[in-house]
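Examining the three-dimensional arrangement
This is what each chain is made of:
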Amino acid sequence: MLRIALAKGRLQEDFLDLIYQNQGTMSQNKRSLRLTDRLRNWEILLPKSQDVPQYLDMGMADIGVVGKDVLLECKSNLKEVMDLELGRCKMVIAGPTENKGKVKYKTVATKYPNIAKDIFKNKGIDAEIIYLQGSVELAVATGIADIIVDIVQTGRTLKENGLVVYEELFDINAKLVVSNAISSRKFAMIDSLINELQRGGERCEYI
Ligand SMILES: Nc1ncnc2c1ncn2[C@@H]1O[C@H](COP(=O)(O)OP(=O)(O)OP(=O)(O)O)[C@@H](O)[C@H]1O
Ligand SMILES: O=P(O)(O)OC[C@H]1O[C@H](OP(=O)(O)OP(=O)(O)O)[C@H](O)[C@@H]1O
């Protein structure tokens, strides 16, 4: 049995769509956090995105599907075996449109405190990092912070909250990562998964 830790949320939906192309998955109990694919001999676990590396580190999953942002934030040393065409976005510094080019970086709201700390340290800027669990755009709109370090995809959230990108930091996409404790007996199953992902998945009614 190959145990896959798949980040619950966006990546869960995109990965399951890719593999199952909506065949069969909709009959699944939506609140269940463990899915079984008997045909492929997979157990799919659905932890929160930020917890995927921990599931692999603790030996509870063999392989993970998780964003590069999460891997960088937790300074993970998991081996990345495949780039996935899922969860494509960018990490940026953003702030109010009217302050672009003027703002003195002081307070930075972010869901990514470690990434943000490193960015401003490398710039030689002594920034105060305010850690928030999400909706970080709101922190600038309400005056809690001057700028944010966050993910942008369509740019809609920034726009609708009066913010613009000040600096693009790096591209992000989902990665297939492997546990450092993986048994060599599972290599063939991982190869099959990679092959299937490369082919864009196949129709299957078993989940
Ligand atoms: N707007 C976006 N568009 C595309 N990919 C995104 C976007 N936001 C995040 N991602 C990528 O998808 C991954 C999962 O995002 P998702 O929002 O499902 O979980 P999350 O970041 O843990 O959010 P939440 O705390 O709301 O569950 C992120 O780690 C990132 O790599
Ligand atoms: O550029 P866009 O397409 O608008 O996407 C960007 C938004 O998506 C993510 O938020 P998410 O929806 O995960 O909410 P959260 O930040 O509150 O967790 C990110 O933190 C931005 O707020």
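Given the structure is predicted, the values throughout are model-derived calculations rather than measurements.

Let us look at the domain arrangement of the protein chain. It is common to give the size of an interface as the accessible area that goes away when the parts come together. Partitioning the protein chain into structural domains gives domain 1 (2-87 + 173-198) and domain 2 (89-172). Taken together, the contacts link 8 residues of domain 1 with 8 residues of domain 2. Broken down by element, the side of domain 1 that touches domain 2 gets its largest block of residues, 4 residues, from helix H3 (residues 68-73). Considering only residue class, the side of domain 1 that touches domain 2 consists of 1 nonpolar, 3 polar and 4 charged.

Looking now at the site of ligand 2. Neighbouring residues of ligand 2: Gly134, Ser135, Glu137, Asp150, Ile151, Val152, Gln153, Thr154, Gly155, Arg156 and Thr157. No other element matches the 3 residues that strand S9 (residues 147-152) contributes to the shell around ligand 2. Residue composition of the shell around ligand 2, by class: 2 nonpolar, 6 polar and 3 charged.

If you look at the biggest cluster of nonpolar residues, it comprises 25 residues, and the most contacted ones within it are Ile4, Leu6, Val65 and Val66. At the level of secondary structure, the elements contributing two or more residues to this core comprise strand S1 (2-6), helix H1 (10-20), strand S3 (42-45), helix H2 (52-57), strand S4 (63-67), H3 and strand S11 (174-178). At 5 residues, the largest contribution of residues to this core is made by H1. For Leu6, the residues in contact, after removing those within four places along its chain, are Leu11, Gln12, Phe15, Ile44, Leu45, Leu46 and Val65. Formed by 20 residues, the second largest nonpolar core is a distinct cluster that contains Val92, Val108, Leu163 and Ile172.

The rules behind the values
- Residues numbered from 1 in each chain as written.
- Chains lettered and ligands numbered in written order.
- Predicted model: local features only at pLDDT ≥ 70, side-chain atom pairs only at ≥ 80, totals over all residues.
- Domains from an automatic or database assignment.
- Contact = placed C-beta atoms within 7 Å.
- Helix = DSSP H or I, 4+ residues; strand = E, 2+ residues; numbered from the N terminus.
- Nonpolar A, V, L, I, M, F, W, Y, C, P; charged D, E, K, R; others polar.
- Near = placed C-beta within 6 Å.
- Core = buried A, V, L, I, M, F, W, Y, C linked by C-beta atoms within 7 Å.
- Buried ≥ 20, exposed ≤ 12 C-beta atoms within 10 Å, placed from the backbone.

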